[in-house]
Amino acid sequence: METGLLHLHNLLRWVIIILLLVNIFRHFSAANKPYTAGDKKLGLFLMIAAHTTLLIGLYQVIFGRFGWVHVPEGTPIMKDKFWRFFLIEHPVGMLIAIVLITIGKGVAKKSIPDAAKHKKAAILFTIAFIFILASVPWPFREGIARPLFPGM
Ligand code: HEM
Ligand code: HEM
């Protein structure tokens, strides 16, 4: 089961990245159009993908093979690049991104003009996107590299 969850966590990265790009493009290009049911639905899909990834991540960071329960006794976590990444940098960076996504999706419920909704959502999602790109263990990141796709 743990492998399955890791694979899902890996795969959802791509779902989140694609949905973020679609949402960002829509909100920037629809700046002067109404905020539609379609905009809401795309935000909802993004939200579900992000929150599912968060839930799996919370499990992994505690009980997973790179989680807190498996840190060897006496490891200086903040000095060790690997553990600092998986226990601190990745979870904190992603948590910030998911909070921004959650706020960006919540913009739809505010009583502000549609143009302002598009603008706020576009900006929040863009910042979230930057946090995600910065916090993924990409294959070119020395010492913390992980595969681009599940099980590779
Ligand atoms: C650690 C687990 C999770 C936490 C801490 C969490 C937290 C939150 C929070 C704080 C909101 C507030 C939104 C608001 O203010 O309106 C929210 C909304 C939402 N969550 Fe989660 N969530 C988690 C897991 C999940 C999962 C597993 C799913 C779906 C598979 C999910 C789907 C949603 C959806 C769809 C909404 C938005 C509802 C709406 O605005 O229409 N969440 N969640
Ligand atoms: C947008 C949200 C997130 C994305 C896109 C994301 C992406 C990824 C990716 C691509 C990996 C490598 C997977 C692999 O080795 O195949 C990974 C691993 C991991 N993630 Fe996340 N993550 C997110 C959120 C989180 C959060 C919120 C936490 C913790 C609270 C977390 C904890 C972890 C842990 C502990 C690992 C290492 C798991 C292992 O290799 O056993 N992630 N994440």
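Our structure's up above, just so we're on the same page.
In this report, the structure presented in the accompanying data block is examined. All values derive from a computational prediction rather than experimental measurement. (Residues numbered from 1 in each chain as written. Chains lettered and ligands numbered in written order. Predicted model: local features only at pLDDT ≥ 70, side-chain atom pairs only at ≥ 80, totals over all residues. Heavy atoms only, no water.)

## As for empty space enclosed by the protein
Next, step 1: Under the counting rule described, the total for this entry stands at 1 cavity of 30 Å³ or more.
Next, step 2: Its boundaries defined by the atoms lining it, the largest cavity holds a volume of some 30 Å³.
Next, step 3: As for the largest cavity, its lining consists of Y35, D39, K40, G43, K105, A108 and F125.
Next, step 4: Per-element tally for the lining of the largest cavity: the top contributor is helix α2 (residues 37–63), with 3 residues. (1 Å grid on protein atoms, 1.4 Å probe; cavity = no way out; pocket = protein on both sides within 12 Å on 5 of 7 lines; lining within 4 Å. Points joined across faces, edges and corners; volume = space filled by probe spheres on them. Helix = DSSP H or I, 4+ residues; strand = E, 2+ residues; numbered from the N terminus.)

## Some points on the site of ligand 2
Next, step 1: Around ligand 2, 22 residues are found, and the nearest of them are H9, N10, R65, H90 and R146.
Next, step 2: Side-chain polar atom of H9 to a nitrogen atom of ligand 2: 2.7 Å apart, as the coordinates give it.
Next, step 3: Between an oxygen atom of ligand 2 and a side-chain N or O atom of R65, the distance comes to 2.7 Å.
Next, step 4: Among the cavities detected, the one that contains ligand 2 is the largest pocket.
Next, step 5: Within the residue set of the shell around ligand 2, elements represented by two or more residues are α1 (2–29), α2 and α3 (81–106). (Near = heavy atom within 4 Å. Polar contact = N/O pair within 3.5 Å; in protein donor to acceptor, adjacent residues only side chain to side chain. Sits in = over half its atoms within 2 Å of the grid points.)

## Description of the coordination of the iron atom of ligand 2
The expected angle between donors at a tetrahedral four-coordinate metal is 109.5 degrees. At an octahedral six-coordinate metal it is 90 or 180 degrees.
Next, step 1: Around the iron atom of ligand 2, the donor atoms from the protein are H9 (NE2) and H90 (NE2), and they sit 2.0 Å away.
Next, step 2: Angles of 84 to 179 degrees at the metal separate the 6 donor atoms of the iron atom of ligand 2, which places the site in the octahedral class. Highlighted residues: H9 in helix α1 and H90 in helix α3, separated in sequence by 81 residues.
Next, step 3: By relative accessible area, which is 14% here, H90 ends up buried. (Donors = N, O, S within 2.8 Å, 3.2 Å for Na, K, Ca; no water. Tetrahedral: all angles 85-135°; square planar, octahedral: opposite > 155°, others 65-115°. Buried < 20%, exposed > 50% of the residue type's maximum accessible area, 1.4 Å probe, protein only.)

## Considering the packing of aromatic side chains
Next, step 1: Counted by the stated rule, this structure contains 9 aromatic pairs.
Next, step 2: A ring pair is formed by F66 and F86, whose centres lie 5.1 Å apart and whose planes are at 50 degrees; its orientation type is tilted. Here F86 lies in helix α3 and F66 lies in the loop between α2 and α3, a separation of 20 residues in the sequence.
Next, step 3: Accessibility expressed as a relative area gives 12% for F86, which makes it buried.
Next, step 4: Taken together, the ring pairs connect F66, F82, W83, F85 and F86 into an aromatic cluster.
Next, step 5: A cation sits over an aromatic face here: K117 above Y35, 5.5 Å from the ring centre. (Phe/Tyr/Trp six-rings, centres within 6.5 Å; stacked < 30°, edge-to-face > 60°. Lys NZ or Arg CZ within 6 Å of the ring centre and 35° of its normal.)

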